[in-house]
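# A closer look at the structure
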Amino acid sequence: MKRVIRGLLVVGLAVFMVSGWAIAKEPIKIGMLADKTGGLAAYGYSHEKVLKAAVKKINEEGGIVGRPVRLYVEDTESKPSVGALKFRKLVETHGVDFVIDSNSSGIAIACAPVAKELKTPYFPSAGATEISGEKGNRYVFQPCTNVREECKGAASFAVKNIAKKWVTVVVNYAWGWSNEKEFKKYVEQKGGKVLKSIRVPLGTSDWLPYLRKIPREAEAVYFANFGSDFLSFIRDLYAVRPDIKKLGAVYVLSAQDPAKLGPAGEGLYCITSYPTRLEGLNTEYNRKYRSLIGVDPEGLEIGIGKRFVLAYDWAVWESMFLIKAAIERSGWRSRKDTSKVIEALEGMKFKESVEFPQGSGYIRAEDHLAIVDLYIEQIVGGKLKVAARIPAAKGAYPPIVDRTKESF
Amino acid sequence: MAILEVREITKNFGGLTALKDVCLSVQEGELRGIIGPNGAGKTTLFNVISGDLKPTGGKVYLQGEDITGLPPHKICKKGLGRTFQLTMVFPELTVYESIWVGINSRKEKPWDPFRSFEKDSDVSERAEELCRIVGLYEKRDELASNLSYGDQKALEIAMALSTDPAVLLLDEPTQGVSPKEAEGLIELIVELSKRMTIVLIEHSVDVVLRLCHKVTVLNEGRVIAEGSPEEISRNKEVQRIYLGT
Amino acid sequence: MLFGFFILTVLGVLMPRGPRSLAMQTMAFCIFAMAYDLCFGYTNQCSLGHSVFFGVGAYGVVLSLLHLQSGILLGLLIAFVAGMVVAFLMGSICVRLTEAYFVIVTALFSAIFHLLSLDMTWLTGGDDGLSVTLPDISVGGVRLSLYDPMTNYYFILVFFLASYLLMRRITEAPLGKVFISIRENEKRAAFLGYDPFRYKLAAFVLSGAFTALAGSIYALTLRYATADLFGLYWSIIPIVWCLIGGVGTLVGPCIGVALMFFFQYYVSAWWTHYLILFGVLILVILRTSRKGLLGYLLGR
Amino acid sequence: MASEVASALLFYLVNGLIWGLIIALIALGLSFIFGVMGIVNMAHGDLYMLGAVFAYWIFSALGNFWLSLLIVPVAIGLLAAPTERLILRPFEGHPAVTMIATAGLSFILQQLVLMTYGGVPKELPMPLQGSFDFLGVAYPLYRLFIAALSLVIIASVWLFLHRTDYGILVRASMQDKEIASAMGINVNTVLVFTFVLGCVLAAVGGVLAAPVTQVFYLMGNDVILLCFIVVIIGGLGSLGGTLVAALVLGGVEGLLAYFLSPTGARAAVFAFMVGVLILRPQGLFGTQRG
C-alpha cells in the first residue's frame, strides 16, 4: 500500500511536469477566466456558456483567417489571487494568445499587470472605472460599460423622469463606492441632489437598520448591490419606504425574476447595458444571438427554464468578435504581432450585427473603453420593460488616460 | 538557617480551606517526609511551594529568599525541582531529550537558535549521566510515552534533577508502580538524599518512616504532628487518623 | 529536503513556464506553511489570525515600493519587520489565552484587520487592491529584474531556501526542543524553568515574521496586494496544509501546500468542483494518519 | 428630536436582538457539539445553509413553506447521524483534528450544493404576510414570528436538558465523558444524539432565516464566525451564556450601526469582544476549566 502511494506520488509529479509541454501550434488560443465557483458563480456559469457559443459560431463559420479557435477555461474561484495565477496558467501553460473575462473588478485589476507582463491582450467584463483608468494598461480593454459611463448616461433620465431628491444605498466595497461617487457627481450636475449616502456591508441579511436612515424628504433611491444583497434590500426597503422610487445600477437584477419581487419591485428602474427581454431590443441580430446562446425572449435558459444572467454576457460575446475583427484587420499571425492587434483595436468601430448584438459602438482609443448605448429598464406589471434608450454619446466622458502613448 | 521555609500558608478554594496556617521548615541536607490521609492537602502544599498555586496567605522562603507567588519557572530557577503524582512527561520527546531540555534551561541563553542541540557537550554529558543515575541509560532514545509507568516515574525524577535543584519535592514517586520498580526508586531516593535536600510525599507510611529523617503529618489542611519517625509512630493523634478510620 | 532544493534548482531551468509559475507560487506558500507550523505544530497554538501577518507582509512590500520607493530588498525587510511587530503586539494579547479563546481572539483580529483593510481604501485599495511596478534589484552592481521569469524563480527559491534553513536552524536548536516541550506539556516545561508565555510568544512572533515574508513574496509574484489577503480564508487554509502534510515538521506543511496547489491548478481544470475531492482527501488522510501524509509515508 | 433619536436607538436595539436570537439558535447547536463531543464544527454554517436550501427545494416542490419545518429536521437528522458515526467519530476529542475534518466536510457540502442548486442566490416569499407599525417602520410580522419561535425552541432545549432524564445524561456527558460512561450511560448514542440535535438546530435556523435572507451556497460562511464568537464569549457549554452573548452581540452591533459606518460597527463589536475575552478569558458565563 505504502509503495503504491509512493509510486502514485512519483507519477503525479511526472504528470505535473509534462503537462506543460503539450503546446500545439495551429489553432488560435483563447483563454477564459470564468468565475465558476465562489461568490460570482452565477455569472461565471452564464459567461462560460456564452463564450463557448461564440467560439462554436466562429469555428462553424471557418474560424478566424482560416484558423480554428480553441478555448481554454479556468476557474477564478471569484478570488483575485487565484485569478492572477490562472491568468498565468492560461498564457504560460496553455499558451493562449488572448484572455477574456472575469466579472470581478478585483480580479481584473489583479490581472492587468500580469497581462502587460505576459504581453497578452485582456478583455475583462468588469465594470470598475479604474480598468479604463489608472489601473489598466495598454494590454487591457474594457469591452463592457463602466460605472462612470453608466452613471453619467443615466443621470439626466434620473433627474428628469424619476426625482430630484436622491439617496444612494450601496454595498460597502469598491464597486458600490464608485457608484455612489459617480452618481452623486453626475446627478448634481444635472440639477438633482443627493441627500444622503448609505453604505451597507456585503452579505448583510438585515438591511432595515441601514434603510431606516433614509431621510423623509428623499424621493428616490439609487442603489448598487446584487444577488443576495439586492433581494434583502428590495424587501426591506419596501418595509421602510413603500412609496420611494428606485433606480438600480447595472447588475442589480442579474438573474432575478422581477415577478417574484412582488409589489416591492414594482416600478423599479434599473440601468442596464443590455435589455433582459427581447422586446427591449427586438432586432434580427438579437434574435439570432439569443438562439445561439440558448436564451429565450423572456431571458430564460432554453431547455432548463431558469433565469439566465444576461448582464455583461454581451460583452463577453463581443470580446470574441472584437478579437476576430482585430486579427483580420491587423494581419496578426502569432504572439509577436500582438502590438498590431492592439493598435487595430484602439478606436475600432463596430456595427450592430450578430457579432455585436448590443448595438453599434466603438472602442475608445485613449482608454480602451467600449462606448455603447445604455438602457433604462423598469418593472411594469412584473415584467421588465425598456423605459429609455440612452445614446452612447450621453455616457461618454472625457478619457482619463491616453494609452496610445504607452509603449508596448 | 532552613533551606526551605513555609510560614503560615493558607490556601482557600472558594469556600473550601485546603491548607490552614501550615508551617514547615526543612534544613539543608534533610530528607523530609510528609504524610497524611487523602485530601490532607499534601499535593496542594507542593503546588503552593512550587508556584503552581498562589497561596491565600503566608510566605514561602527558599534559601532565605521570598518566593511566594512567583511563577513556576522563576521558582525553578531559584533552585527548586519537583515531580508530579500523576506523571507529567513530554510524550513525544525521548528520555534523553526530556532531560536535555531541563539541563538547557540553566544554560546562558537557553533560547539561542545558533547553538546546536547535539553538539553541546557539557549538556549532553550531564544528560547521559542523569540517564544513568535513574537507570534509564539503555532506554534513553525511547519516547517518554513508550516507557512503563515505573520508568516514567524515574524519568520524572531525572527531569526534576536536570535543573540542578537545591531542594527536590517528590510527590508520591512510588505510587502506582510495581513493588520491584518501587524498590529501585526508593534506593534512588536514598542515594539522592545523600547529596541534596528532599521533601517527599508518600502514601505508604512505612516507607516514609523507614527513610526520612523527619516527618510532618498533615490532616485536613493542618499540620498535626512533626518529629522524628519514632516520635511520629508513637503519636496518638497520628495513630488515630491512620488506624481509627 | 535539501535534495528537494537541489531538484528545484535544476528544474528551474528545465520547467516550462506554466509549471514554473505554479512552483513560484507554491514556494511562497511553503514559506507561509512552514511559518504557520512553527506556531501550530511546534507550540500547539492553533492561530486563526495568520492572515493578518500575511496581509501585513503583502502590503508592507507593496506600500514601501509605492510610497517609499524603497526597492525590493528593503521592502521585504520592512515587511518582515512589520510582521514581527504586529505579531508581537497581537501575541502579547493573545498568547496568554488558552485553547479555544486563543483561537477565537486571533480569528477576531483577522476579522478586524480584514474589515479595516476593506474600509481604508486610501491606503489599501480595498477590495480592488493595489498594483505595483517592480523596480530592478541591484545586488553588487548586477541589476536583476523580477519580470524575467527565470530571475523571479531563483529569487523566490533563494528566499524559500533561506527561510527553510533558518527555520530548521531554529527548530533543531535548543529553542526548537523547548518549543516542543511546551507543546507536549506546558506546565511541566514551566517547572523545568521555562516561561511558557515568553517562548510561545517567541514562536508566535517568529511565525508572524516569516508569514509576513511569505505574504510579501507572494505580493511580489502577483505584483499586487488586495484586502482579500486579510480574509479568514488565509487563516484557515494553512491549518489544512499543515494537517494534510504533517504537523510538527517543516517538510510536511510544504507537501500539504504542493498537494493543494496541484489540485487547484490541475484538477480544477478537469472538474470545477475539485474541492469535493479535496475534502474527501482530507478525511482519508486524517483517517489514515493523524500526522498527515508525511507521517504516513515515514511509517511512524 | 431627542425622542426621535431615542426611538431610532430603540428600533436598532430591538432589531439587533431579533437577529441575535437566530444566531443564538445556530450557535446553540455549535456549543452542544463542542461541549459534548469536542468537535470544532467548521461545517456548522453549512448545515444552516443546507436547512435553507432544503426549505427552498421543499417550497418549490410542494409550494408550502411550513412543511419544511417538519421535513428538514428529519432530513438533516438522517444525514447527520451517519456522518457522525462513520466520518467524524475517530476524530472526536481532538479539537484541531476535528476542525480540519469538518473543514473538509464543509468543502464537500458547499460544492455539492453548488453543483445541484447552482450559484444564484434565490429568495423565498415571506410565509407570513403582513407587518405592523414599529416606531415608524412597517416591521414584517414574520420576523417577530422567527424571534418567538427561536425563543420557544431555545426554551424547550433548556427544558429538555434540565428536566428530562435523557437531557441530564447529555449534560453529564458534557461534564465528563468517562464518568458518564462509568455510570452506565450509553455514551455512543448520546454522541449521535447530540450531533444530530446540534445539526438540526442549525438547519432549523436556516429554514427560519431562508425567507428573510437569501438562499445561497456560501451563506454559511457569513454566520460561522459570528457563531463561534458567541459560543466562546458565552462560555463553552453554557446555554444561557450563548443566548445572552448572541443577544448582546446583536444588540450592540445594532446600536453601533446608528453611530458608526457598518464596517466600523462590525470592527468595533469585534474589538469589544476581544476586550471581553481578555478581561474574562473564560467567557461571560463560563466557569474556569481544568
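Everything below is about the structure shown above.
Residues numbered from 1 in each chain as written. Chains lettered and ligands numbered in written order. Predicted model: local features only at pLDDT ≥ 70, side-chain atom pairs only at ≥ 80, totals over all residues. Heavy atoms only, no water.

## Quick look at the overall build of chain B
- What chain B contains, in helices and strands, is nine helices and 10 strands.
- Taken over C-alpha atoms, the radius of gyration comes to 18 Å for chain B, in line with the 18 Å a tight globule of 245 residues would show.
- The dimensions of chain B, computed from C-alpha atoms along their principal axes, are 55 × 40 × 35 Å.
- Burial statistics for chain B: of 245 residues in total, 54% are counted as buried.
- Within chain B, counting contacts between residues at least 6 apart in sequence, those at least 24 apart form 66% of the total.
- Accessible surface computed for chain B: about 10900 Å², of which carbon and sulfur atoms make up 49%.
- Distance from the positive charge centre (30 side chains) to the negative charge centre (37 side chains) of chain B: 5 Å. (Helix = DSSP H or I, 4+ residues; strand = E, 2+ residues; numbered from the N terminus. Rg over C-alpha atoms; globule rule 2.2 N^0.38 Å. Buried < 20%, exposed > 50% of the residue type's maximum accessible area, 1.4 Å probe, protein only. Contact = heavy atoms within 4.5 Å. Areas by Shrake-Rupley, 256 points an atom, 1.4 Å probe, with all protein chains shown as cover. Lys, Arg positive; Asp, Glu negative; His and termini not counted. Charge placed at Lys NZ, Arg CZ, Asp CG, Glu CD.)

## What about the packing of aromatic side chains?
- This structure, assessed with the given rule, holds 57 aromatic pairs over all chains.
- Ring geometry for F223(A) against F233(A): centres 4.5 Å apart, planes inclined by 35°, an arrangement best described as tilted. One end of the pair, F223(A), is in strand β7 (residues 220-224); the other, F233(A), is in helix α8 (residues 227-240), and 10 residues separate them in sequence. The pair formed by F223(A) and F233(A) is uniform in burial state, with each residue classed as buried.
- Summarising the aromatic geometry, the rings of F32(C) and F54(C) are spaced 4.7 Å apart at their centres and angled 20° between planes, so their arrangement reads as stacked. Taken as a pair, F32(C) in helix α2 (residues 17-43) and F54(C) in helix α3 (residues 50-67) lie far apart in primary sequence, 22 residues in all.
- F32(C) sits in the buried class, given a relative accessible area of 0%. (Phe/Tyr/Trp six-rings, centres within 6.5 Å; stacked < 30°, edge-to-face > 60°.)

## Considering the nonpolar core
- Membership of the largest hydrophobic core comes to 426 residues, with the highest contact counts inside it found for F87(A), W166(A), V169(A), M320(A) and F270(D).
- With 19 residues, the top contributor of residues to this core is helix α1 (residues 2-37) of chain D.
- If sequence neighbours within four positions are ignored, M320(A) has contacts with I30(A), L51(A), A54(A), V55(A), I58(A), I64(A), V69(A) and I100(A).
- One finds L4(B), V6(B), I67(B) and L218(B) within the second-largest nonpolar core, a separate group that totals 24 residues. (Core = buried A, V, L, I, M, F, W, Y, C linked by side-chain atoms within 4.5 Å.)

## Things to note about α3(C)
All names here are of chain C.
- Along its 18 residues, α3 runs 25 Å from first to last C-alpha, staying within 8% of the 26 Å computed at 1.5 Å per residue.
- With respect to burial, α3 is a largely interior element, 16 of its 18 residues being buried.
- Of the residues trailing α3, Q69 is marked for its positive phi of about 45°. (Expected span 1.5 Å × (residues − 1).)

## Some thoughts on the interface of chain C and chain B
- The interface is formed by 25 residues belonging to chain C together with 35 residues belonging to chain B.
- Of the roughly 2500 Å² buried where chain C meets chain B, counting both sides, 64% is carbon and sulfur surface.
- Of all residues in chain C, the largest losses of buried area upon contact with chain B belong to R188(C), F191(C) and L192(C), amounting jointly to 28% of the total for that side.
- Seen at the junction of chain C and chain B, the total is three salt bridges.
- With a shortest N-O distance of 2.9 Å, K187(C) and D52(B) are connected by a salt bridge.
- Where the side of chain C that touches chain B is concerned, the elements lending two or more residues are α7 (149-172), α8 (174-184), α9 (186-191) and α10 (196-222) of chain C. (Buried area = accessible area lost by both parts, 1.4 Å probe. Salt bridge = Lys/Arg side-chain N within 4 Å of Asp/Glu carboxyl O.)

## Observations concerning the pattern of salt bridges
- In total, this model carries 54 salt bridges over all chains according to the counting rule given.
- One network of salt bridges, with partners in common, ties together R88(A), E92(A), E117(A), R17(C) and R223(C).

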